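The residues making up each chain are set out below.
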There are 2 protein chains.
Amino acid sequence: MKTAEKILLTSLTLFNQHGEANVACVDIALELDISPGNLYYHFKGKEIIVSALFDMYKQRSARILVSPNAESMNLISFFDYLRQLFESAQIFRFIYRNPSDLVDKYPLISRGMKQLNSSKYKAFETVLLLFAKQGILRATPETIHALADMINLIFSQAQNYGELTGEAIDDSEYIEHMLLWVYHLLCPYITDKSKTNLKTDILALAS
Amino acid sequence: MKTAEKILLTSLTLFNQHGEANVACVDIALELDISPGNLYYHFKGKEIIVSALFDMYKQRSARILVSPNAESMNLISFFDYLRQLFESAQIFRFIYRNPSDLVDKYPLISRGMKQLNSSKYKAFETVLLLFAKQGILRATPETIHALADMINLIFSQAQNYGELTGEAIDDSEYIEHMLLWVYHLLCPYITDKSKTNLKTDILALAS
């Protein structure tokens, strides 16, 4: 692995563990056992590292977001799609730890965050509207707006909430927990014939 | 107003505006036009100020949390109860800005945060279970568990989510938005006869 890649990977691990605000460039250099000068040669400051990681996250998410052919999606493939997005957010979880501070501190990523957030919202809304059209869901556009917004809230904030409740966050349990929240959110709107075995299938996805 | 009170009030305003991590004791002293020594005479460091504010929030929330006589509550009084809790959290909103960092940095408030969070969850669950018993809601205990958890998630994370989406956060709109989320969450479980005019009544609460 090249030094630049190693630096990004180590930064990601440290940011996820301690929060971006609590990790300085010198900590990253120490962890890698390289000199701060060598680190600086590759990345001119923490903002550049944070931006590079954010770009990686954005690209990864964008690939998942555009992938679904909404027309051919069913409920379980929608949950699988959510699972992929959740997993991606888990890998870059420092981004959702204190979004307000990150956006205030790094104007470079502030616009990207808003764009990503609105793309996610739109992707969720598109699929749910199509489900309503196909008779998989029974919900008005107004309700679908609220549902897509709440899925996005769960998506971006479940981790902070977990810190508040003090629940141990194990990666796989965590994703199961988030998927079940979305399940409970959508459940009353799902028409009976589409509901068969859904919960079991979701739990199988997360394991 | 006494100096100690002025210090707390100014700290709260600055923490809410800029985030607790971005405000130092010297900023608070500057804003109040007092010497750092005078500030230190009243509060021996930022942790003491943060703890004092957290205690104020905890006491205020506890008063609201114990107040409801669950037995005599109806849907609209439940939403009014939520409104009071939301308003209280708005006043001390810096607490929910980056809970993970706050809990890591200040062990003093870490336990208090978890306790408060679990009291809120339990209060929501108790009322919802009673509603189910009275036939106001039609939901299993498992669903009620998920609903109480999601109300708590909305409660504690809607602000961070607002920062991500970049929505301008005006205090009264904000509370209306949160109450409508809870409305959409509970709506499919509310029995028809309990649903009349509920949304209009909720909007009247928030205005």
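Figured I'd write up the structure that's included with this text. Note that this is a predicted model, so its numbers are computed, not measured.

**Some details on the pattern of salt bridges**
- A complete count under the given rule lists twelve salt bridges over all chains for this structure.
- Between Lys199 of chain A and Glu142 of chain B there is a salt bridge; the shortest N-O distance is 2.5 Å. Here Glu142 of chain B lies in helix H8 (residues 141-165) and Lys199 of chain A lies in helix H11 (residues 198-206), a pairing that spans two chains.
- We classify Glu142 of chain B as partly exposed; its relative accessible area is 42%.
- In this structure, Glu20 of chain B and Lys105 of chain B form a salt bridge, with 3.0 Å as the shortest nitrogen-oxygen distance. Pair noted here: Glu20 of chain B is in the loop between helix H1 (3-18) and helix H2 (25-32) and Lys105 of chain B is in helix H6 (residues 99-105), with a separation of 85 residues, a long-range link.
- Through salt bridges with shared partners, a single ionic network connects Glu20, Lys46 and Lys105 of chain A.

**Quick notes on helix H7 (residues 107-134) of chain A**
- Between its first and last C-alpha, H7 of chain A extends 42 Å over 28 residues, near the 40 Å set by a 1.5 Å rise per residue.
- With its phi angle positive at about 80°, Gly135 of chain A sits one or two positions after the end of H7 of chain A.

**A closer look at the relation of the copies chain A and chain B**
- Each copy of the sequence occupies a distinct position, and chain A is placed on chain B by a rotation of 180° and an axial shift of 0.0 Å, giving an RMSD of 0.0 Å. Considering both components of the superposition, the chain copies are consistent with a two-fold axis. Considering only C-alpha atoms, the residue of chain A closest to the rotation axis is Asn98 of chain A, which sits at 2.4 Å.
- Interface overlap between copies is the fraction of interface residues in one copy that are interface residues in the other; for chain A against chain B it reaches 100%, indicating a shared surface.

**Some points on the interface of chain A and chain B**
- Tallying the contact residues gives 36 residues for chain A and 36 residues for chain B.
- Summed over both partners, the interface of chain A with chain B comes to about 3500 Å²; 56% of that surface belongs to carbon and sulfur atoms.
- One can count four salt bridges joining chain A with chain B.
- The interface formed by chain A and chain B contains ten residue pairs in polar contact (both at pLDDT 80 or more).
- Contributing elements (two or more residues each) for the side of chain A that touches chain B: helix H6 (99-105), H7, helix H8 (141-165) and helix H9 (171-186) of chain A.
- Tallied by class, residues from the side of chain A that touches chain B come to 15 nonpolar, 13 polar and eight charged.

Scoring rules and cut-offs
- Residues numbered from 1 in each chain as written.
- Chains lettered and ligands numbered in written order.
- Predicted model: local features only at pLDDT ≥ 70, side-chain atom pairs only at ≥ 80, totals over all residues.
- Heavy atoms only, no water.
- Salt bridge = Lys/Arg side-chain N within 4 Å of Asp/Glu carboxyl O.
- Helix = DSSP H or I, 4+ residues; strand = E, 2+ residues; numbered from the N terminus.
- Buried < 20%, exposed > 50% of the residue type's maximum accessible area, 1.4 Å probe, protein only.
- Expected span 1.5 Å × (residues − 1).
- Least-squares fit on C-alpha atoms with pLDDT ≥ 70 in both.
- Contact = heavy atoms within 4.5 Å.
- Buried area = accessible area lost by both parts, 1.4 Å probe.
- Polar contact = N/O pair within 3.5 Å; in protein donor to acceptor, adjacent residues only side chain to side chain.
- Nonpolar A, V, L, I, M, F, W, Y, C, P; charged D, E, K, R; others polar.

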